[in-house]
Amino acid sequence: MLVAPIVDAKSRELIGTIQIINNKQGVAFPQYMEEGVAQLCETLAIAFRQRLGASNVLQVRGKYDGLVTDAVISAKELELAQRSARRKNLNLETVLIDEFQVKVPALGAALAAFFGGPYEPYKSDRIKPPELLRNMSRDFCVTNQWVPLDDTKDGILVMTPDVERTRASRMVNNVYPKNKIAYCVTTQREFMATLDHLFGGASVLADSGNIDDLLGDLNDDGDGVGVAGDDIASAASDNELVKLVNKVIIDAYQQGASDIHIEPYPGKGKTEIRFRKDGSLTPYIQIPASYRNALAARLKIMCDLDISERRKPQDGKIKFKKFGPLDIELRVATIPTAGGVEDIVMRILAAGEPIPLDKLGLSKRNLELCRTAVEKPYGLFFVCGPTGSGKTTTLHSVMGYLNKPDTKIWTAEDPVEITQKGLRQVQVNKKAGLDFALVMKAFLRADPDIIMVGEMRDKETVSTRIEASLTGHLVFATLHTNSAPESIIRLLDMGMDPFNFADALLGILAQRLAKRLCAKCKVPHQASDAEINALLEEYALEFTNTDAWKADPKGERAKVLESRVKEFGDEDGRLVLHTARGCDTCGGTGYKGRVGLHELLIGTDRIKKDIQEHARVAQMFSTALEEGMRTLKQDGIEKVLQGITDIQQVRAVCIK
Ligand SMILES: [Zn+2]
């Protein structure tokens, strides 16, 4: 018997075998037949691979499937890229290039395979076809996603990133009714670069490859002293610097950063730029000392600040779409620092859509209770937590849930970060005398059903707000407090009447953001008894002040253990924990994105009674726990048991 394996050349996967039984001559198979069979196997491997690629492996045909069949990336990576693109609201091509390091020609090849037409790359020496471009504008080409390149013997050559759509629109035939049309496909990036080439105009996305190249283009004279007066203004409008600043902002946005920190050092020290991502700062680049002043001036120009004022803090706002290809806003703060330099910190106001309420990461119990509470026709609902704990995001999710054509919703915010159609949103402007209290009073005269106000600090807003809620409105606000029960005490301290407040209170949601384990590289392991005990002990500890616990600590502890294992364990009662490892996707940290931890206190009859009786925080805590509330720490531990985060991250944000 002669047997040979059919092995895929790239993946080394065994696809099958060939067996030849009984040589006719009744002797052993000769050498040349062995070689022949080996060759046959190779040919079959290629044929099988192509068949598999076309039918079994890829069920849904997508534009970039060619990347998988050509083994540029794996099917799993393509799926991750699609998810990342959806989450960040970027196009898939951008994610494939920037995050998965797919080369542009490989994308072109995939598109060519998908559309069945030739791929046309960006060429910097392309000759403009003035005849064809005569009545065309760049805007028209951007909107309709095609541009004519050449008049060839096969017809007018039209470049487009989507051949099917362009052909189906029949727009090209309308523009050139008498000509034959030949289509070629290209990537989005090369399409935009080609438009820049043909029409002029700078798209930073297209012509600035990466930040290092841009840095290299800066002309560092190395003296570090910087220039003064008019020279700063002209240095600030230097083309390379403008591109660099745009690139920094675009990179920060695309990497999901919330803030950009610009930290100059005096003398020859370089200017450090760091991004805050998922709550932690990471170094981004360093800029030569000689660009220090021009960089600050450029940013000040972008937000209409006084470039000659360098000794006082200033604040402003950049509407980035005036300068670059992204429709985002940045809140800018300048602060003079030691050595006669100026730090600049920019917050990216992600003009985003609200996250649906059921995607906030609320536990099943919290989601149900939250919905019931906010559906009431009037009352007070608070979201509390420190700065950067996602309070506004959560309130907007609630607004999104309540936003219906029959409901009038007024919001007062500083700043307006998330916009929603249907909400009437007011930007508070303290400089102009438009503060929260004033806006609130105006809302009350403006026939509201629901009022949402940003942070509530002073007595005046508190009293107006209470008044509002009692006269038939639903009022939402954020508070700068640590826990739900503590918020009640704070509000009473601010001068709320305990009886009115108890009557109006619907609920208080305390919130923190903990780092999420990177889904791509987290490592599962079956939890040891010691680990489980430690976790559940920490969970149980939160109950120690409740009456039930004081009466029967042992029994209560056993109940906690049992119910946690029942809810989060497998059939055999085993729990799985995950540890962070680190990979390319998460920048080696093991964490990517964040998850909300919640503590939802509902204004039940017992809580209302506690409020009227001026109960202490500890008492309210124990009442709430007895009625089923879970503390931030407990909610966190439940998310640890679900593999969403780990206990270190939960502890880090639940410090009391
Ligand atoms: Zn990772």
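From a predicted model like this one, the values you see are computed outputs, not experimental measurements.

Strand order in the open sheet formed by seven strands is S14-S13-S15-S16-S12-S17-S20, and the pairing between neighbours is mixed. A single partner strand is all that each edge strand has here, and the edge strands are strand S14 (423–427) and strand S20 (591–602). Strand-to-strand twist in this sheet, taken as the mean axis angle between neighbours without regard to direction, amounts to 20°. Of the strand pairs in this sheet, strand S17 (residues 505–517) and S20 are connected by ten bridges, and their pairing is antiparallel. Bridge pairing in S20 links Leu513 to Gly596.

A few words on helix H26 (residues 617–626). Listing the buried residues of H26 in full gives Met620, Phe621, Ser622, Thr623, Ala624 and Leu625. Looking at the packing, one finds that the buried side of H26 touches helix H20 (484–493), S20, helix H25 (605–612) and helix H27 (632–641). Following H26 by one or two positions, Gly628 adopts a phi angle in the positive range, close to 105°.

All right, on to the coordination of the zinc ion then. Here the zinc ion is held by the protein donor atoms Cys518 (SG), Cys521 (SG), Cys583 (SG) and Cys586 (SG), which lie 2.2 to 2.3 Å from it. One chain supplies every donor for the zinc ion, spaced along it as C-x2-C-x61-C-x2-C. Within this pair, whereas Cys521 is found in the loop between S17 and strand S18 (523–526), its partner Cys586 is found in the loop between strand S19 (576–579) and S20, the two being separated by 65 residues in sequence. Note on Cys521: relative accessible area 3%, which makes it buried. Overall, Cys586 belongs to the buried group, its relative accessible area being 8%.

Before going further, it helps to spend a moment on the packing of aromatic side chains. What the rule picks out here adds up to nine aromatic pairs. Relative to Trp146, the ring of Phe140 has its centre 5.8 Å away and its plane inclined at 85°; by these criteria the two rings are edge-to-face. Ring plane angle 20° and centroid distance 4.1 Å describe the contact between Phe275 and Tyr284, whose orientation is recorded as stacked. Accessibility assignment for this pair places Phe275 and Tyr284 in one class, buried. Here a set of aromatic residues connected by ring pairs shows up, and it is made of Phe140, Trp146 and Tyr176. Residue placement shows Lys404 over the ring face of Tyr401; its charged tip is 5.7 Å from the ring centre.

Now for unusual backbone geometry. Omega for the bond connecting Asp414 with Pro415 falls within 30 degrees of zero, at 0°, which places this linkage in the cis form. Among the secondary structure elements, Pro415 is positioned in the loop between strand S13 (409–413) and S14. At Gln145, a residue that is not glycine, the phi angle is positive and equals roughly 65°. A positive phi angle is found at Asp278, which is not glycine, with a value near 50°. Within the secondary structure, Asp278 sits in the loop between strand S7 (271–277) and strand S8 (280–287). What makes Asp278 partly exposed here is its relative accessible area of 27%.

Counting buried positions along strand S6 (residues 259–263) gives five out of five residues, so the element sits mostly inside the fold. Alternating positions in S6 separate into two faces, Asp259, His261 and Glu263 on one and Ile260 and Ile262 on the other, with burial throughout. Both S6 and S7 contribute to a ladder of five bridges, which runs antiparallel. Residue pairing across strands places His261 opposite Arg274, the latter belonging to S7. As paired strands, S6 and strand S11 (residues 341–349) are joined by four bridges and run antiparallel to one another. Looking at S11, one finds that Ile262 is bridged to Ile344.

Along the chain, Lys421 turns up in the loop between S13 and S14. For the pair Lys421 and Asn403, spaced 18 residues apart in the sequence, the C-alpha separation amounts to 8.7 Å.

Moving on: the sheet that holds strand S10 (residues 329–337). Working definition: the strands of a sheet are paired by backbone hydrogen bonds and lie parallel or antiparallel to each other. If you trace the six strands from one edge of the open sheet to the other, you get S8-S7-S6-S11-S10-S9, paired in antiparallel fashion. Whereas interior strands pair on both sides, the edge strands pair on one side only; in this sheet they are S8 and strand S9 (314–319). This sheet shows a mean twist of 20° between the axes of neighbouring strands, independent of strand direction. Its contacts with the sheet place helix H14 (residues 239–254) against S6, S7, S8, S10 and S11, and it is angled at close to 160° to S8. Of the strands in this sheet, S6, S7, S8, S9, S10 and S11 are in contact with helix H15 (residues 292–302), which crosses S11 at around 40°.

Scoring rules and cut-offs
Residues numbered from 1 in each chain as written. Predicted model: local features only at pLDDT ≥ 70, side-chain atom pairs only at ≥ 80, totals over all residues. Heavy atoms only, no water. Pairing = 2+ DSSP bridges. Helix = DSSP H or I, 4+ residues; strand = E, 2+ residues; numbered from the N terminus. Axes fitted to C-alpha atoms, helices over the stretch in contact; angles between N-to-C directions. Buried < 20%, exposed > 50% of the residue type's maximum accessible area, 1.4 Å probe, protein only. Contact = heavy atoms within 4.5 Å. Donors = N, O, S within 2.8 Å, 3.2 Å for Na, K, Ca; no water. Phe/Tyr/Trp six-rings, centres within 6.5 Å; stacked < 30°, edge-to-face > 60°. Lys NZ or Arg CZ within 6 Å of the ring centre and 35° of its normal.

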